[in-house]
Amino acid sequence: MLYPQQNDVRNVLELSGLWQFKLDPSDVGEAEAWFNGLQDSRLIAVPGSWNEQFEDTRDYLGVAWYALETFVPKSWQSERSFIRVGSANYHARVWVNGQVVGEHAGGHLPFAFDISSALNWDKPNLIAIRVENNLEPTRVPPGDLKGGFLGGFMTNYPNTSYDFFPYAGLHRPVKLFSTPKNAIEDITVITSVEAGGAGTVQVQLRQTGKVQAVARLVGEGETLEQAFQVESGAASTIFRLDKPRLWSPKDPYLYALEIELGEDGKTLDRYSLDVGIRSVEVRGKELLLNGEPIFLKDFGKHEDFPIHGRGLNLPVLVRDHSLFKWLGANSYRTAHYPYSEEAMQMADREGILIIDETPAVGIFFEDGAENIALRLKQCEQHLQELVERDKNHPSVIMWSVANEPLPPDLRLRFAGAEVPPLDPSTTDFFRTLVDLSRKLDPSRPVTLAGIHGSPVEWFELCDVVLVNRYFGWYSQQGRLDEGKRMLEAELDDLFGKLGKPMIVSEFGADTLAGFHSNPPEMFSEEYQRDFIKGYLDVADARDFIIGMHVWNFADFKTGQGIMRVAGLNHKGVFTRDRKPKMAAHLLRERWQD
Ligand code: GCB
């Protein structure tokens, strides 16, 4: 799943812009052959969620069609041509000139189909994409749960199993790209750093055929070159550097790696990648980056902005990174789904440490083995696609296989009451995912973010323990000191049981910007500031806490419900349009050191 690249042998045609768009609430489009062209359509921006672009689409999650006509350069005729969709939420089926070329389930991850034989070369090509985002209990993430979510704690509209708006549509760019017939299919780069500071860059290549390959690693004024032979579909080579310039948040130095395939002196294919040389390791109660302990300070985020919805929004991406700098932050979790590839590229450049999360949010176990197995299969698919997509980013330091899976007996667990023994098959569910993650990528630690009352058995599977905690908000309301004591007791208890490094991966308080109170009261800027300060103090006094991720970076859209004033979660340290609340200034003081 290499990111499409423009160079002398590869081409990219980006199709971002205004597309034809039509809702299909009765789902007749396929029978009526809408893939041959949309009648009575309107224009829509791609990328972008459809929900906030019109009045009648805000809560619409059913079938909708996109269409666009484009010429494709004739020079691609001797190449292989693909269509690649960065993210379609949730299910997409794609036609080129009336011919179905593929389909994909699951938002937030790219998919590509070979369309070489479907293209016209002397007239425009009609691309049609049917997207559908129905909420279903058997999908990941699940929706349309009977009795609301969080085991019935909350109900919202639309009825999701999670606390963010289920935006729909083509969320990331659609691109056509060409590769040479004899192309590089995949590249895996694994770096390591030895105790004395020497480093290695291992390059693995997938390509069907027998060709000559050259890898060049350029950096620090030097070019290292290795020639190697690709046979039977795979090959690898390794660079050893005595004194590499290591990648880290303080110095996110990137080497340029170029792979070239050749035959009889002719270039067959070429692909370039940024490489950050760094190592990540969990040792005892520490997380080590390049052998040194590192503390993660930042947020859980969302891809969310007015009107764009969850659509790729590059100015907001740049602005968020500039705010990270302003705060002195160094890390975030892609709560609760994979973010754009551009976000990962930005993090590589800016030295941000990413906990990369799959879309497995709100997983539950109450509707029978068959449905649970269906969800597990999707979680495996998403994890596999995520690792394939993001494995080469130095910024990605950990995989998170789920956020807040809901254990059976959640209400009892929430109340800290006695619970019946845990059904071991729930632990097996996450063991399957953690094992898969380690198999796909042994070089990165694995985790999951646990809700209040999460079974210790699930944390035992993880390298690092992530807890989302809201003492002083959802419980101990208005009593920050009591909330703090609860937090201290629980963290110490969990560390005593698990002995693993821990991150408080969510903590925060809904806050209405401009609402003040003294003494601090819930929803005021002072309450949020003091809540966050209390949690940071608790962490500072514990050496097993290796990161604090405030929930949330910015206010974000949710479904409607009595818990969410104006359809927003207001736990942002910034407003939805990135204006700082008082807590942002507190974090800046704490984190700039
Ligand atoms: C959580 C969830 C997050 C919610 C947050 C909240 O634990 O992981 O998705 O938005 O709580 O604000 O309730």
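What counts, and at which threshold
- Residues numbered from 1 in each chain as written.
- Predicted model: local features only at pLDDT ≥ 70, side-chain atom pairs only at ≥ 80, totals over all residues.
- Heavy atoms only, no water.
- Core = buried A, V, L, I, M, F, W, Y, C linked by side-chain atoms within 4.5 Å.
- Buried < 20%, exposed > 50% of the residue type's maximum accessible area, 1.4 Å probe, protein only.
- Helix = DSSP H or I, 4+ residues; strand = E, 2+ residues; numbered from the N terminus.
- Domains from an automatic or database assignment.
- Expected span 1.5 Å × (residues − 1).
- Contact = heavy atoms within 4.5 Å.
- Near = heavy atom within 4 Å.
- Polar contact = N/O pair within 3.5 Å; in protein donor to acceptor, adjacent residues only side chain to side chain.
- Areas by Shrake-Rupley, 256 points an atom, 1.4 Å probe, with all protein chains shown as cover.
- Nonpolar A, V, L, I, M, F, W, Y, C, P; charged D, E, K, R; others polar.

> I tried to follow the nonpolar core on my own but got confused; where do I start?
Inside soluble globular proteins, nonpolar side chains tend to come together where they are buried. In terms of nonpolar packing, the biggest core is built from 118 residues, with W19, Y66, I129, F430 and I532 touching the most fellow members. If you tally residues by element for this core, the top one is helix α8 (residues 525–540), at 7 residues. When residues of this core are sorted by domain, at least three fall in each of domain 1 (11–133 + 168–179) and domain 3 (301–591). Residues L2, V189, F228 and Y253 belong to the second largest nonpolar core, which totals 27 residues.

> I'm lost on α8 in this one. Help?
Residues separated by three or four positions in an α-helix point in the same direction, a consequence of the helix having 3.6 residues per turn. If you check α8, its first and last C-alpha atoms are 23 Å apart, about what 16 residues at 1.5 Å a residue would give, namely 22 Å. Buried within α8 we find E525, E526, Y527, Q528, F531, I532, G534, Y535, L536, V538 and A539. Against α7 (480–498), β29 (502–506), β30 (545–551) and α9 (582–591) lie the buried residues of α8.

> Help me understand unusual backbone geometry in this model?
A negative phi holds for most residues other than glycine; trans holds for most peptide bonds. Note that the residue after N89, namely Y90, is joined by a cis bond; omega there is 15°. Mapped onto the fold, Y90 is located in the loop between β6 (88–89) and β7 (91–96). The linkage connecting W551 with the following residue, N552, adopts the cis geometry, with an omega of 15°. Tracing the backbone through its elements, the reader meets N552 in the loop between β30 and β31 (556–557). Non-glycine residue A33 carries a positive phi angle of around 60°. Inspection of the secondary structure assignment puts A33 in the loop between β2 (17–23) and β3 (42–46). The exposure class assigned to A33 is partly exposed, which follows from its relative accessible area of 24%. The residue D409 is not glycine, and still its phi comes out positive at about 60°. Along the polypeptide, D409 turns up in the loop between β26 (396–403) and α4 (410–414). The class for D409 is partly exposed, based on a relative accessible area of 32%.

> Honestly, the environment of G209 in this entry has me stumped. Any pointers?
Along the chain, G209 turns up in the loop between β14 (199–206) and β15 (211–219). Accessibility expressed as a relative area gives 34% for G209, which makes it partly exposed. In the structure, G209 is positioned 21 residues away from V230 in sequence and 7.2 Å away in space, judged by C-alpha atoms. Residues within four places of G209 in sequence aside, it is in contact with V230, E231, S232 and G233.

> Is there a simple way to explain the site of the ligand in this structure?
Around the ligand there are 13 residues in total, and D163, H336, E404, Y474 and K571 lie nearest to it. For the ligand, an oxygen atom lies 2.3 Å from a polar atom in the side chain of E404. A distance of 2.6 Å separates an oxygen atom of the ligand from a polar atom in the side chain of K571. Protein contacts shield 92% of the accessible area of the ligand, which totals 320 Å² for the unbound molecule. Each residue belonging to the shell around the ligand can be placed in one class, and the counts come to 4 nonpolar, 4 polar and 5 charged.

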